[in-house]
Amino acid sequence: MIRRTLEESITHIIGSGKAIVLMGARQVGKSTLLNTILGTRDDVLWLNGDDLDVQQMFSQMTSTRIRAILGNKRILVVDEAQRITDIGLRLKLVTDQVKDVQVIATGSSSLELSSRVNEPLTGRKREFRMFPLTFSEMVDHHGLIDELRLLPHRMVYGYYPEVVSSPGDERVVLKELTDSYLYRDILSMEGISKPDKLTRLLQALAFQIGSQVSYNEVAQLIGLDPKTVERYIDILEKSYIIFRLGSFSRNLRNELKSSRKIYFWDLGIRNAVIGNLTQIESRTDAGALWENYCISERMKQIAYQGRFAHAWFWRTQQQKEIDYVEEEDGLLQAFEFKWNDRKVNVKCPAVFATSYPTAAFQVITPHNVDSFLG
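The present account deals with the structure reproduced in this document. (Residues numbered from 1 in each chain as written. Predicted model: local features only at pLDDT ≥ 70, side-chain atom pairs only at ≥ 80, totals over all residues. Heavy atoms only, no water.)

### Remarks on the sheet that holds strand 4 (residues 102–107)
So, step 1. If you walk across this open sheet you meet the five strands as 2-3-4-1-5, and the pairing is parallel. Two strands bound the open sheet, and with one partner strand each, they are strand 2 (44–48) and strand 5 (125–129). Across this sheet, the average inter-strand angle for adjacent strands is 15°, counted without regard to direction.
So, step 2. By the bridge criterion, five bridges tie strand 2 to strand 3 (residues 75–79) in an arrangement that is parallel. (Pairing = 2+ DSSP bridges. Helix = DSSP H or I, 4+ residues; strand = E, 2+ residues; numbered from the N terminus. Axes fitted to C-alpha atoms, helices over the stretch in contact; angles between N-to-C directions.)

Now the structure itself:
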């Protein structure tokens, strides 16, 4: 069993009187984690928001009925809670009226679940985001040397738990993930009327990892208007498939101020979307995959550690650029990512070094990535 980073954090909150909201894409291991934490207890009631009878039960919920349903149970787990109408108000009813019961809700869409629980549960909840497995979790599981050896494999197949635990069957598992789960919640959202366009959008974004994304150009490419493209991208981000990095700008007139790059939380999903699971040694996009890998793993690390760090990329109109810039507690750090170790003789752009003289600069390769993700 691979121990998940969030296990200790969530275990610590149980019994605190606050509802626990656990969000992340389907199949990243939310239910498995809760089973690990709660598996030995016999006072847990598990409900699934995907089930119609559960949805109907919550629609008619009263404090008297919830007490009767719970009986002697002391923990209520509601999986895929975003599928339940007014779930925030329903969970508030439980936390207010049945105070000795711990509420745990999971969801695969922050767009739906977070927006529905934020106001009703203000001050009554703790939110956690869960991602596919991480570099650090796998290092803890089988050691640093093994995980470094598997980097080429991770950059093709990614870190979804079922993919990692199915050696030899990664292609089959990824196809099932993308066919059965990837769009399941997205396409059920109001206003998503063109699933073929959504698929083409995701493919267009997959081909542009590491590059600046123009909503206007993408819109023309797939036949949608820019506002719709932006809305779909927002939904994809809140469904934990992609994330955006904005551009860093403070001192220079020629720094890009409104650009963005888009990365995938999991490279297996990215590669499956474009139908390319070729091994890394023969790929032309290895550099972009390495950049996506390092940045997504760093972002997972920041989220799990609860750090107050801000992340960007940096570029000027003269095409001087840095892959990743991070600021935390006033410390500015800049990073370049190079998959090919022979290209490590990279210097910080002079204009950046002059404008931000206190910023640290480092090139991250497979040989020192553990210091970046440790």
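### Remarks on the sheet that holds strand 11 (residues 360–364)
So, step 1. The sheet built from six strands is open, its strands ordered 7-6-8-9-10-11 with mixed pairing. In the strand order of this sheet, the two ends are held by strand 7 (260–264) and strand 11, each with one partner. This sheet shows a mean twist of 35° between the axes of neighbouring strands, independent of strand direction.
So, step 2. Where strand 6 (residues 242–247) meets strand 8 (residues 309–315), two bridges bridge the pair, whose relative direction is parallel. Within the sheet, the bridge partner assigned to serine 247 lies in strand 8 and is phenylalanine 313.
So, step 3. Contacting strand 6 and strand 7, helix 14 (residues 226–238) crosses the sheet at an angle of about 115° to strand 6. (Contact = heavy atoms within 4.5 Å.)

### Side note on the pattern of salt bridges
So, step 1. Under the defined criterion, the tally for this structure stands at 24 salt bridges.
So, step 2. The shortest N-O distance in the salt bridge between glutamate 7 and arginine 3 comes to 3.3 Å.
So, step 3. By relative accessible area, glutamate 7 is classed as buried at 15%.
So, step 4. Under the relative-accessibility criterion, arginine 3 is labelled exposed at 54%.
So, step 5. Residues joined by salt bridges that share partners form a network here, namely Arg26, Asp50, Glu80 and Arg83. (Salt bridge = Lys/Arg side-chain N within 4 Å of Asp/Glu carboxyl O. Buried < 20%, exposed > 50% of the residue type's maximum accessible area, 1.4 Å probe, protein only.)

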